[in-house]
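# Geometric and topological summary
Here's the letter readout for the chains.
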Amino acid sequence: MGDHKFWCGVCEASCGLEATVEHGKLLEIRPDPTHPNSTGFACVKGIRWGDVLTDPDRVVEPLQRQSDGSFVPVSWETALDDIGRRLREVIRRHDRTSVGVAIGNPSGWNYGAFLVAFGMAAALRTKHFYTAGSVDINNYWVVGHTLYGHNLMTPFPDFDRQEFTLILGANPVVSHGSMMTVGRVRERLLGVTKRGGRVVVVDPRRTETAKLFEHVPIRPDTDAWLLAGMLRVILDEDRVDSGYLASLVNGVDFLRTLVADIDLDRAAAETGIVRETIETLARDFAAAGRACVYGRCGTSTGGFSTLTKYLIDVLNIVTGNLDRPGGTTFSRPMLDAELFTRLFKIDGYDRWRTRVDNFPEVLGTSPLATMPREITTPGPGQLRALVTVATNLATTSPNSPEMERALADLDLFVSLDPYLTETNRHAHYVLPPKLLLEREGFPLFGQLHYGVPNAQWTDELVTPPPGARDDWWILDQICKRIGLLPSPAPGAQLMGKLGLRLPPWVGVDVFMRLGPDGDLFGLRRRGISRKKLLRHNGAIQLADSAPTGMLPKRLRTRSKRIELAHDVYAREMQRLIARTAIVDEEHPLLLFTIRENRSQNSWLHNVPALLGDRVCVLRIHPDDAAARGISTGAEVAISSRWGRITATAAVTDEVMPGTVGLPPHFGHHGGWRTANGAGGGRYNDLVPNDPELMDVASGNARFNGIAVQATPVTLVTEPQPQASAEVGVQVAGSAGR
Ligand SMILES: Nc1nc2c(c(=O)[nH]1)N[C@H]1C(S)=C(S)[C@@H](COP(=O)(O)OP(=O)(O)OC[C@H]3O[C@@H](n4cnc5c(=O)[nH]c(N)nc54)[C@H](O)[C@@H]3O)O[C@H]1N2
Ligand SMILES: Nc1nc2c(c(=O)[nH]1)N[C@H]1C(S)=C(S)[C@@H](COP(=O)(O)OP(=O)(O)OC[C@H]3O[C@@H](n4cnc5c(=O)[nH]c(N)nc54)[C@H](O)[C@@H]3O)O[C@H]1N2
Ligand code: SF4
Ligand SMILES: [Mo]
């Protein structure tokens, strides 16, 4: 029996945990009080992780789909050989670029899968490389690239020294923070007000975070108006930090032109926030000294996400709050991901455009929302075979029905996933991965934004099911069968031909050892290496806080200054100003997403202890409910121009009048029985993926600010939509049960 410290890979917080393991069997999980970043905090999802490992619905052997739609278990060799044969056939008929790779959210904590998937896409030289980041983070990568010279340069808040925190479209008390890995985020935010500072939360809903602080309700998908209005006030009233701007920034005049046509009365009408509040927020923010604007999913999944993220950074910059204590900071990861991505020419923006919809490439990837058209539109480069890792994209991408139809049309679809989902019920093969605790690894994504920089690498602690394999190994085996080595490195293919295939930790270890905290292969005695981290039970703290005062040295722009002037932002501002009303008479309500504490995107709904007795609830304001005869507990139909689903109503003044909030991922119909049993509707059946309705600058999806109508179900005469009733996957034999 032993107690082992590890880290949680369910969400970005990457909390430190402790597991009691006996003979390879997990007995208990607790928070790790010694972890430098999370200091003894963990949420219920981390604590109940063991339920996922032993879930009776987990896929534990490779599954092959039969012509009747059921799945039967096959050996690894059968599965991999057949996949290789079919891939070679697709490549013979088209070429390598018709093979695609898609990685979902959990691959951010699965460094092997993440790196090998990148390598596989590079070796295929395919443009069909899709990541979950392309639905909600591409806007960050675009702003990082244009302003600071590298996609991965994404500043995050230094809450501990802050006096004014303006949060837009984020609910960190529930999400535990995103594009930041700041432990105990609730306490840190409460610390701001305890020190006499202010936290203001701009959100269509009085969220769990907003309830603790000041709340300003906003109409969904209008944040760019609020931010542009604030910028206009700050510039007009000369409330900028001129010394900071003179020393570090190019393009301040561009900003003046950019907001010249921003009318504050229109900003008020668009956002639903009175003009005086916009002006006061701008003045208070500029006067605060140590302040930060932080925006997340609510500001990243609207029609103007890149412009919004740009304006967020601009407000921090013009007030001198970037790279300053109490403002926002760039982190110092143990692994220099910026150098790595630059060396392999992954870093970039708009070097090429997508085939069907003409979206700019971001970090060498295409937007997930465009995938269905890439599958169904004929021509050179058409996507015909797809390998996915850790993504339930048929549920989590916009226009879910179109995605499902397109997936069913592929010549070959291989999914690496521990569950039979709505997505991989269409796959020819479902291949079972080892999960966190069953594989070694370090928190790859957390490294980019650690509030307290630290390093941790944990070994396999729990015995995996005999049929499960590492995701990276599965990808490597698939590549091997088509004669490729999954790596972007020059000369890699030659190495592959010579039979030299190294596990991904080898390259990572070299990078880490040569990195800022590395042991330089013995030259730096206190430095870190994978071996040293594996021997250490727990995380090693590398600094007290994320560093500040690093500019201009830390910038990667050619000028070594922050570059504000880019045509893309001028174009996006014109597009914003030209946009007409987002609702119409038939669909007068604006829909937005509500994340729930015990869910993790589209999964974990299969763990009874996490799902509890939850159902899919539509939150609606009392005025809007009364006007429609809707009461709490009633079944309601929610319809948009693109689809219709059902949910259970909750009448509450938490949500702003004219808006309705819905959790994103109910209406399951895969092979996960508990999740299916939760019923409800699938949010993304209501969401369009038309290119002109997405964020055109980055390809981010638009989930929020969808025009809908809500009606009591009794008034609906047409049949109910498919998602709530259908259970389509039957598993033959014992696999997956
Ligand atoms: N418990 C839990 N934690 C999670 C996840 C989960 O599913 N469950 N998912 C993880 C993932 S992948 C991510 S990206 C992060 C997201 O992390 P956050 O962004 O902090 O979490 P969200 O709950 O999506 O918060 C978005 C907020 O934006 C509001 N909103 C919606 N539209 C608008 C708008 O147009 N403008 C403004 N100002 N607000 C708007 C919503 O009401 C919501 O409160 O959470 C991560 N953590
Ligand atoms: N309407 C609406 N839609 C949204 C959002 C929203 O706010 N509103 N948010 C969007 C956002 S921010 C994101 S990030 C996406 C997330 O969407 P996805 O990228 O699809 O991620 P998840 O829903 O978390 O699905 C993860 C899948 O990975 C599998 N999995 C878990 N661990 C592993 C592993 O170790 N290996 C393998 N191979 N598989 C694993 C799970 O079983 C599950 O099927 O959803 C987006 N969709
Ligand atoms: S907050 Fe996130 S990282 Fe921390 S225990 Fe919960 S799920 Fe895991
Ligand atoms: Mo996300």
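- The protein carries the name Molybdopterin-dependent oxidoreductase in an unreviewed UniProt entry, which gives Sporichthya brevicatena as its organism.
- Taken verbatim from the UniProt record of the protein, the Sequence similarities (unreviewed entry) comment is "Belongs to the prokaryotic molybdopterin-containing oxidoreductase family."

## Regarding the packing of aromatic side chains
- The full count for this structure, using the stated rule, is 14 aromatic pairs.
- For the ring pair Trp-49 and Trp-603, a centre distance of 6.0 Å and an interplane angle of 90 degrees mean the geometry is edge-to-face. On the criterion of sequence distance, the pair formed by Trp-49 in helix H2 (residues 49-53) and Trp-603 in the loop between strand E23 (589-593) and helix H25 (608-611) is long-range, its members being 554 residues apart.
- What makes Trp-603 buried here is its relative accessible area of 14%.
- Each ring, one from Phe-114 and one from Phe-118, has its centre 5.2 Å from the other, and the planes form 45 degrees; the classification is tilted.

## Description of the site of ligand 3
- Lining the immediate environment of ligand 3, one finds Cys-8, Val-10, Cys-11, Ala-13, Ser-14, Cys-15, Ala-42, Cys-43, Lys-45, Gly-46 and His-176.
- A class-by-class count of the residues in the shell around ligand 3 yields seven nonpolar, three polar and one charged.

## What to know about the pairing of E23
- A large share of E23 lies buried, amounting to four of its five residues.
- Relative to strand E28 (residues 706-712), E23 runs antiparallel, the two sharing three bridges. Following the sheet pairing, Leu-590 is matched in E28 by Ala-707.
- Relative to strand E27 (residues 659-662), E23 is paired through four bridges, and the arrangement is parallel. Note that in E27 the partner of Leu-590 across the bridge is Thr-659.

## What to know about the site of ligand 1
- In the region of ligand 1, 30 residues are neighbours, and Ser-175, Asp-203, Asp-221, Asp-223 and Arg-595 sit closest.
- Between Ser-175 and ligand 1, the recorded distance is 2.7 Å, taken from a side-chain N or O atom to an oxygen atom.
- Arg-595 places a side-chain nitrogen or oxygen 2.7 Å from an oxygen atom of ligand 1.
- Relative to its unbound accessible surface of 910 Å², ligand 1 loses 97% to contact with the protein.

## A few points about the sheet that holds strand E4 (residues 63-65)
- Spatial ordering of the open sheet is given by E5-E4-E19-E18-E17-E6-E7, a layout of seven strands whose pairing is mixed. The strands lining the two open edges of the sheet, one partner per strand, are strand E5 (71-73) and strand E7 (129-131). Neighbouring strand axes in the sheet, compared pairwise and without regard to direction, differ in orientation by 20 degrees on average.
- Two strands pair when backbone bridges link them, and strand E6 (residues 99-103) and E7 are joined in this way by three bridges, in the parallel orientation. Paired with Ala-102 across the bridge in E7 is Tyr-130.

## Some words on the nonpolar core
- By size, the foremost hydrophobic cluster in this structure holds 138 residues, and its most contacted members are Tyr-310 and Ile-562.
- Those residues within four positions of Tyr-310 in sequence are excluded, and the remaining contacts are Val-143, Leu-147, Phe-254, Leu-255, Leu-258, Leu-564 and Tyr-569.

## A word on the environment of Tyr-148
- Mapping Tyr-148 onto the fold places it in helix H6 (residues 138-148).
- The class of Tyr-148 is buried, set by a relative accessible area of 0%.
- Considering only alpha carbons, one finds Tyr-148 and Arg-561, 413 residues apart in sequence, at a separation of 7.6 Å.
- At 2.6 Å, the side chain of Tyr-148 and the side chain of Asp-313 are in polar contact.

## Examining the pattern of salt bridges
- A full pass over the atoms with the stated rule returns 59 salt bridges.
- The salt bridge partner of Arg-48 is Asp-51, with a shortest N-O separation of 2.9 Å.
- By relative accessible area, which is 34% here, Arg-48 ends up partly exposed.
- For Arg-266, the salt bridge is made with Glu-270, and the minimal N-O distance between the two is 3.0 Å. Pair noted here: Arg-266 and Glu-270 are both in helix H12 (residues 264-271), with a separation of four residues, about one helical turn.
- Salt bridges linked by common partners bring Asp-3, Lys-5, Glu-18, Glu-28, Arg-30 and Asp-32 together as one network.

## Here's the deal with a nonpolar patch on the surface
- Together, Met-495, Leu-500 and Leu-502 line one region of the surface with nonpolar side chains, adding up to about 260 Å² of accessible area.
- Mapping Leu-502 onto the fold places it in the loop between helix H21 (492-497) and helix H22 (504-514).

## Things to note about the side chain of Glu-279
- Tracing the sequence through the fold places Glu-279 in helix H13 (residues 275-287).
- If we skip the residues at most four places from it in the chain, Glu-279 touches Val-233 and Leu-264.

## Digging into the sheet that holds strand E10 (residues 198-202)
- Read from one edge of the open sheet, four strands run E11-E10-E9-E13, paired in parallel fashion. Strands with a single pairing partner mark the edges of an open sheet, and in this sheet they are strand E11 (214-216) and strand E13 (291-295). This sheet shows a mean twist of 20 degrees between the axes of neighbouring strands, independent of strand direction.
- The pairing of strand E9 (residues 164-168) with E13 spans five bridges and is parallel. Counterpart to Thr-165 in the pairing with E13 is Cys-292.
- Of the strands in this sheet, E9, E10 and E13 touch helix H9 (residues 223-236), which is tilted by about 150 degrees from E9.

What counts and how
- Residues numbered from 1 in each chain as written.
- Chains lettered and ligands numbered in written order.
- Predicted model: local features only at pLDDT ≥ 70, side-chain atom pairs only at ≥ 80, totals over all residues.
- Heavy atoms only, no water.
- UniProt positions renumbered as here; feature names shortened; annotations may be inferred.
- Phe/Tyr/Trp six-rings, centres within 6.5 Å; stacked < 30°, edge-to-face > 60°.
- Helix = DSSP H or I, 4+ residues; strand = E, 2+ residues; numbered from the N terminus.
- Buried < 20%, exposed > 50% of the residue type's maximum accessible area, 1.4 Å probe, protein only.
- Near = heavy atom within 4 Å.
- Nonpolar A, V, L, I, M, F, W, Y, C, P; charged D, E, K, R; others polar.
- Pairing = 2+ DSSP bridges.
- Polar contact = N/O pair within 3.5 Å; in protein donor to acceptor, adjacent residues only side chain to side chain.
- Areas by Shrake-Rupley, 256 points an atom, 1.4 Å probe, with all protein chains shown as cover.
- Axes fitted to C-alpha atoms, helices over the stretch in contact; angles between N-to-C directions.
- Core = buried A, V, L, I, M, F, W, Y, C linked by side-chain atoms within 4.5 Å.
- Contact = heavy atoms within 4.5 Å.
- Salt bridge = Lys/Arg side-chain N within 4 Å of Asp/Glu carboxyl O.
- Patch = residues over 30% accessible without salt bridge, like charges linked within 9 Å, V, L, I, M, F, W, Y side chains within 5 Å.

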